[in-house]
Protein chains: 2
Amino acid sequence: MAGGRQRSFDKQQALEQAMRVFWQKGYVGASLMDLTTSMGINKPSMYAAFGNKEQLFILATQNYLQNYAADHAVFLHQPDTPLITRLKNYLMSAVASQCGKDGPKGCYLSVCVTEAAAEDMPAAAQQTIHQAKGLAEQTLTQFFQQAQAEQQLSETHDPVVLAQYFVTWLHGTAAMARADKCLTELEATIDLALKVIEPKPH
Amino acid sequence: MAGGRQRSFDKQQALEQAMRVFWQKGYVGASLMDLTTSMGINKPSMYAAFGNKEQLFILATQNYLQNYAADHAVFLHQPDTPLITRLKNYLMSAVASQCGKDGPKGCYLSVCVTEAAAEDMPAAAQQTIHQAKGLAEQTLTQFFQQAQAEQQLSETHDPVVLAQYFVTWLHGTAAMARADKCLTELEATIDLALKVIEPKPH
DNA sequence: ACCATTTTATACCGTTCGGTATAGAATTGC
DNA sequence: GCAATTCTATACCGAACGGTATAAAATGGT
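Residues numbered from 1 in each chain as written. Chains lettered and ligands numbered in written order. Predicted model: local features only at pLDDT ≥ 70, side-chain atom pairs only at ≥ 80, totals over all residues. Heavy atoms only, no water.

Caption draft 1: Looking closely at the protein's contact with DNA strand C. Close to DNA strand C lie 21 residues; Ser8 and Asn42 of chain A together with Leu32, Lys43 and Tyr47 of chain B are nearest. Each atom of DNA strand C within 4 Å of the protein was classed as base or backbone; sugar and phosphate made up 64%. In the environment of DNA strand C, a phosphate oxygen lies 2.7 Å from a nitrogen or oxygen atom belonging to the side chain of Asn42 of chain A. Contact distances for DNA strand C include 2.6 Å between a phosphate oxygen and a side-chain N or O atom of Tyr47 of chain B. The set of elements that each furnish at least two residues to the surface near DNA strand C consists of α3 (43-50) of chain A together with α3 (43-50) of chain B. The element that contributes the greatest number of residues to the surface near DNA strand C is α3 of chain B, accounting for 3 residues. Here the surface near DNA strand C is built from residues that sort into 7 nonpolar, 9 polar and 5 charged. (Near = heavy atom within 4 Å. Polar contact = N/O pair within 3.5 Å; in protein donor to acceptor, adjacent residues only side chain to side chain. Helix = DSSP H or I, 4+ residues; strand = E, 2+ residues; numbered from the N terminus. Nonpolar A, V, L, I, M, F, W, Y, C, P; charged D, E, K, R; others polar.)

Caption draft 2: View of the domain arrangement of chain A. All names here are of chain A. Domain parsing of chain A yields domain 1 (10-67) and domain 2 (71-202). When each unit is reduced to the centre of its C-alpha atoms, the spacing between domain 1 and domain 2 is 26 Å. Roughly 1700 Å² is buried in total at the junction of domain 1 and domain 2, and carbon and sulfur atoms are behind 66% of that figure. Where domain 1 touches domain 2, the interface holds 0 salt bridges. (Domains from an automatic or database assignment. Buried area = accessible area lost by both parts, 1.4 Å probe. Salt bridge = Lys/Arg side-chain N within 4 Å of Asp/Glu carboxyl O.)

Caption draft 3: View of the protein's contact with DNA strand D. Contacts to DNA strand D come from 21 residues, most closely from Leu32, Lys43 and Tyr47 of chain A together with Ser8 and Asn42 of chain B. Per the 4 Å cut-off to the protein, sugar and phosphate atoms form 67% of the nearby atoms of DNA strand D. In this structure, Ser8 of chain B approaches DNA strand D through a side-chain N or O atom, which is 2.7 Å from a phosphate oxygen. Measuring from a phosphate oxygen of DNA strand D, one finds a side-chain N or O atom of Asn42 of chain B at 2.7 Å. Counting only elements with at least two residues in the surface near DNA strand D, the list comes to α3 of chain A together with α3 of chain B. Broken down by class, the residue content of the surface near DNA strand D amounts to 8 nonpolar, 8 polar and 5 charged.

Caption draft 4: How the structure looks around the interface of chain B and chain A. Between chain B and chain A, the residue contacts involve 40 residues of the former and 40 residues of the latter. Summing both sides of the interface, chain B and chain A together bury roughly 3500 Å²; the carbon and sulfur share of this comes to 64%. Close ionic contact of Asp120 of chain A with Lys25 of chain B constitutes a salt bridge, the shortest N to O distance being 3.1 Å. Examining the composition of the side of chain B that touches chain A, we find that 13 residues originate from one element, helix α9 (residues 159-178) of chain B, more than from any other. Partitioned by chemical class, the residues of the side of chain B that touches chain A number 19 nonpolar, 11 polar and 10 charged. (Contact = heavy atoms within 4.5 Å.)

Caption draft 5: Geometry of the side chain of Ser110 of chain B. Within the secondary structure, Ser110 of chain B is located in helix α6 (residues 108-116). In contact with Ser110 of chain B, not counting residues within four places along its chain, are His171 and Ala174 of chain B.

Caption draft 6: View of the relation of the copies chain B and chain A. Rotating chain B by 180 degrees about the axis while translating it 0.0 Å along that axis superimposes it on chain A, leaving an RMSD of 0.0 Å. Here the copies are linked by what is in effect a two-fold axis. Measuring from the rotation axis to each C-alpha of chain B, the shortest distance belongs to Gly172 of chain B, at 1.8 Å. Interface residue correspondence from chain B to chain A reaches 100%, placing this contact among same-surface, isologous pairings. (Least-squares fit on C-alpha atoms with pLDDT ≥ 70 in both.)

Caption draft 7: Representation of the pattern of salt bridges in the model. Counting across every chain of the model gives 14 salt bridges over all chains. Ionic pairing is found between Glu16 of chain A and Arg20 of chain A, a salt bridge with its closest N-O pair at 3.5 Å. Here Arg20 of chain A and Glu16 of chain A lie together in helix α1 (residues 11-29), a separation of 4 residues that amounts to about one turn. You can call Glu16 of chain A buried: its relative accessible area is 17%. Given a relative accessible area of 26%, Arg20 of chain A falls into the partly exposed group. Across the pair Asp34 of chain B and Lys25 of chain B runs a salt bridge, and its minimum N-O distance is 3.5 Å. (Buried < 20%, exposed > 50% of the residue type's maximum accessible area, 1.4 Å probe, protein only.)

Caption draft 8: Layout of the packing of aromatic side chains. In the structure shown here, the tally under the stated rule is 22 aromatic pairs over all chains. Measuring from centroid to centroid gives 4.8 Å for Tyr64 of chain A and Tyr108 of chain A, while their planes differ by 15 degrees, and the two rings are stacked. Note that Tyr64 of chain A is positioned in helix α4 (residues 53-67) and Tyr108 of chain A in helix α6 (residues 108-116), a separation of 44 residues in sequence. Ring geometry for Phe57 of chain B versus Tyr108 of chain B: centroids 6.3 Å apart, planes at 20 degrees, classification stacked. Linking Phe57 of chain B in helix α4 (residues 53-67) with Tyr108 of chain B in helix α6, this pair joins segments that are 51 residues apart in sequence. Through successive ring pairs, a cluster of aromatic residues spans Phe22, Trp23, Tyr27, Phe57, Tyr64, Tyr68 and Tyr108 of chain A. The positively charged end of Lys11 of chain A is found above the aromatic ring belonging to Phe50 of chain A, 5.5 Å away from the centroid. When the ring centre of Tyr27 of chain A is taken as reference, the NZ or CZ atom of Lys53 of chain A above it lies at 4.6 Å. (Phe/Tyr/Trp six-rings, centres within 6.5 Å; stacked < 30°, edge-to-face > 60°. Lys NZ or Arg CZ within 6 Å of the ring centre and 35° of its normal.)

Caption draft 9: Main features of the side chain of Ser97 of chain A. With respect to the helices and strands, the residue Ser97 of chain A is situated in helix α5 (residues 83-98). In this structure Ser97 of chain A touches Trp23, His72, Asp102, Pro104 and Gly106 of chain A, once residues within four positions along its chain are discounted.

Next up, the structure:
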């Protein structure tokens, strides 16, 4: 057993760049040329480090879920904050990300879910997206269930429908961000979207 | 001047099939093999009839706008119907279409807008999408403005923001439909989405 | 120093892409 | 019937795709 020449690039950093390319172009749209150029390496190095394009995509997706998608959820559980405020902060964080705050326009999962429906993706990649696409809805469902248990949300609401509604809305803002709507325009509809949970008294 | 052999396929019918392929796979994802197979013709016939892939896409997009997207708008102007009912019928018609009632899953424009942001589309195709993507928002803005002029909608609402909100929501349902959500699931959130315009009194 | 091992870089593989040349089949005008 | 014209079908083009063979450059163990 002996070590040879050491890798001249940071694997995590390369994965991060690959994630951004998939984020912008989807799985099929991201060519190996696009990927390796952004990663700053060449093809054999990518294959040695990640296996192939499909496994690179799976790792990039996991990296997105852990280091990007999960970041917004912390706003849902900030202590000493009203439920409506926590939810608004969560939505604003997500929408800011969609508008290009820390990555390409739109939502990585929205792009890949849209592409996966075309059935041009390898099976394992498609299944990775299939498993990931329900996570936000699960998170929000638990959030609303807990809020009801803690008497912070009326029992007249259905946590499942509520979660579905906000995930739907977030997929919508992701599409609008992809269509070059700016952050302030999208924020204008956040208060409107939040009315469903706390109808404005008249 | 003389006529030669006559075309053995119906041009409009072939265009319709091409539209369905672009609807499912987007511009880049739809290969000439996919297109010509679905259209029931071979490549030279396609090039003779439509020019090239890009022009076929432009015609297919126009066909979608005229024969599919415009169909839902009629519900907005049905006489002797309350505003909220007309809006609900409009949304339900659109969502039913997104769930595959008369075409592939999702929304043709949502798919192409998502793809256009990757910048892998030829210029003319990208511009076609760019021009089309604002139509629904225009339609709804005019709808809400007219409703205010006819005293059917409170002046406290902003027609532009309201239109933006519903277009956002419809892009969201399109993504959910692509993710294989069924019609009944999506319909469950329609009443929720409509609450923004008529807050439930308590 | 030297060999085993690992990474890098270039060049290449078969396949599929959008697009076309070419030849045969079908239709009209005369 | 015959020439001119138009469509169809097969075969092909250069380019780009995902993936790999191969050899040089760089490291660690002894």
